[in-house]
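What follows is each chain in one-letter form.
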Amino acid sequence: MLRDPHHPPIERLTRALLRELTFYLNEPRFGLKKKSISSVYFGGGTPSLATPSAIAQIIDALGVPKDTEVTLEANPTSSEEARLEAFRDAGINRLSLGIQSFDDKDLKLLGRDHSAESAIRVVEKAKRMFDKVTFDMIFARPGQTREGWNYELKHALELAGDHLSIYQLSMERGTPLWKSYQNGKLPALPTADDAADMYEDTVQTAQSFGFQHYEVSSYAKTAQAISKHNFAYWQGIDYVGIGPGSHGRLTDMERQQRVRTFGEFHPDKYMTLCEAEGEGIRKWVPIPYEDALEELVVFGLRTRMGIPASRFEALTGRSLDSVIDQDMLRLYVDEGLLKVTAPSGSEEYVPSHLAHEWKSGEGIRPTEKGLAIMDSILPNLLKIER
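What comes next concerns the included structure.

Cut-offs applied
Residues numbered from 1 in each chain as written. Predicted model: local features only at pLDDT ≥ 70, side-chain atom pairs only at ≥ 80, totals over all residues. Heavy atoms only, no water. Pairing = 2+ DSSP bridges. Helix = DSSP H or I, 4+ residues; strand = E, 2+ residues; numbered from the N terminus. Axes fitted to C-alpha atoms, helices over the stretch in contact; angles between N-to-C directions. Contact = heavy atoms within 4.5 Å. Phe/Tyr/Trp six-rings, centres within 6.5 Å; stacked < 30°, edge-to-face > 60°. Buried < 20%, exposed > 50% of the residue type's maximum accessible area, 1.4 Å probe, protein only. Core = buried A, V, L, I, M, F, W, Y, C linked by side-chain atoms within 4.5 Å.

### Some details on the sheet that holds strand β3 (residues 94–100)
Turning to step 1, where the next piece is worked out: Here 7 strands make up an open sheet; going across it, the order is β1-β2-β3-β4-β5-β7-β6 and the pairing mixed. Two strands close off the open sheet at either side, each with one partner strand: β1 (39–42) and β6 (212–215). Taking each pair of neighbouring strands and ignoring which way they run, the sheet shows an average axis angle of 25°.
Turning to step 2, where the next piece is worked out: Where strand β2 (residues 69–74) and β3 come together, 4 bridges link them in parallel fashion. Following the sheet pairing, Thr71 is matched in β3 by Arg94.
Turning to step 3, where the next piece is worked out: Sitting on the sheet, helix α6 (residues 116–129) touches β3 and β4 (132–139), and the angle it makes with β3 is about 165°.

Below, the structure written as structure tokens:
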């Protein structure tokens, strides 16, 4: 927590962010100066701490081309609404709004400080101002019925632009929502069967509105609408995380090993670290080679694009076939759960900048049916010796 959250030290925090960014860009073992930037994402749950000026300074320091996807997470409140134009002028071209529900009672239950009315108003305004707008919804909430979710889902799809994220509620231990549920203060959660029905309804209804289900929780009308940032995460591509509590995943070229970075959580401690050391990293965690192999497959198969054999080999030096149980693969292909052929031109699951990775036509990708049960497929599909 900040010492005075009502008056955050914006200028000091901005200087710290810029100093840490400079550290990463100049660190030779990561070789970032030789790499192109595909996306920039301002998020982390505290968009109100960012000012348009701070965002403009960071974008300028990165020197990103004008067509780079630059996303800002924002809450659909009146205070955030008033700053949308300034954020756009600072360089934001994609807005991601945390809506979650159009039911005021459930918004309160989820700890949100906006109303359904303000959410609708902010989305409509944002669509007039930004190149791309997305928002998120949550289903399988306490007391929610299948009929209630379908009504809300159609409302969301009618309001959405060309992208939408839809998640099943996850009760995280220790959160206020979890504590309230454990203490019997909330209605019962939908059963597993009801939640599965809601998921299937979501996929089918989204398709009827022209949305392609390109990742477990994400939908887009075209390949161009796919979130480059989120997609890069699931495809195992490196990303830099700066700021308090940030996470990153990078390749240490000197040691030929991937590492995870974790920023200091406490903002004051983070800023002090940046001022003294040039970065606010709390810890570095090397990713064991076998874990890196597994992550590429597990993450890649969360998307309908799947994992192209060419990318797997480029990132690991091994063939994709070497970590896959071929008998189980053939079984899942025969059952219509997986495919080993390249996506056709009519399948809008592959961003244009990654289409070349399927040029060889080799790889593994899930069908819609397979994506729904991927958690049960993966343990049988992977064959990694440790």
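Next comes the rest of the description.
### Things to note about the packing of aromatic side chains
Turning to step 1, where the next piece is worked out: A complete count under the given rule lists 10 aromatic pairs for this structure.
Turning to step 2, where the next piece is worked out: Note on Tyr233 and Trp234: the rings are 4.9 Å apart at their centroids and 80° apart in plane angle, and the pair reads as edge-to-face.
Turning to step 3, where the next piece is worked out: Owing to a relative accessible area of 30%, Tyr233 belongs among the partly exposed residues under this scheme.
Turning to step 4, where the next piece is worked out: Given a relative accessible area of 18%, Trp234 falls into the buried group.
Turning to step 5, where the next piece is worked out: On the basis of an interplanar angle of 25° and a centroid distance of 5.4 Å, the ring pair of Tyr233 and Phe299 is categorised as stacked.

### Let's talk about the nonpolar core
Turning to step 1, where the next piece is worked out: The biggest cluster of nonpolar side chains holds 55 residues, and the ones touching the most others in it are Phe42, Ile55, Leu97, Phe102 and Phe135.
Turning to step 2, where the next piece is worked out: With 6 residues, the top contributor of residues to this core is α6.

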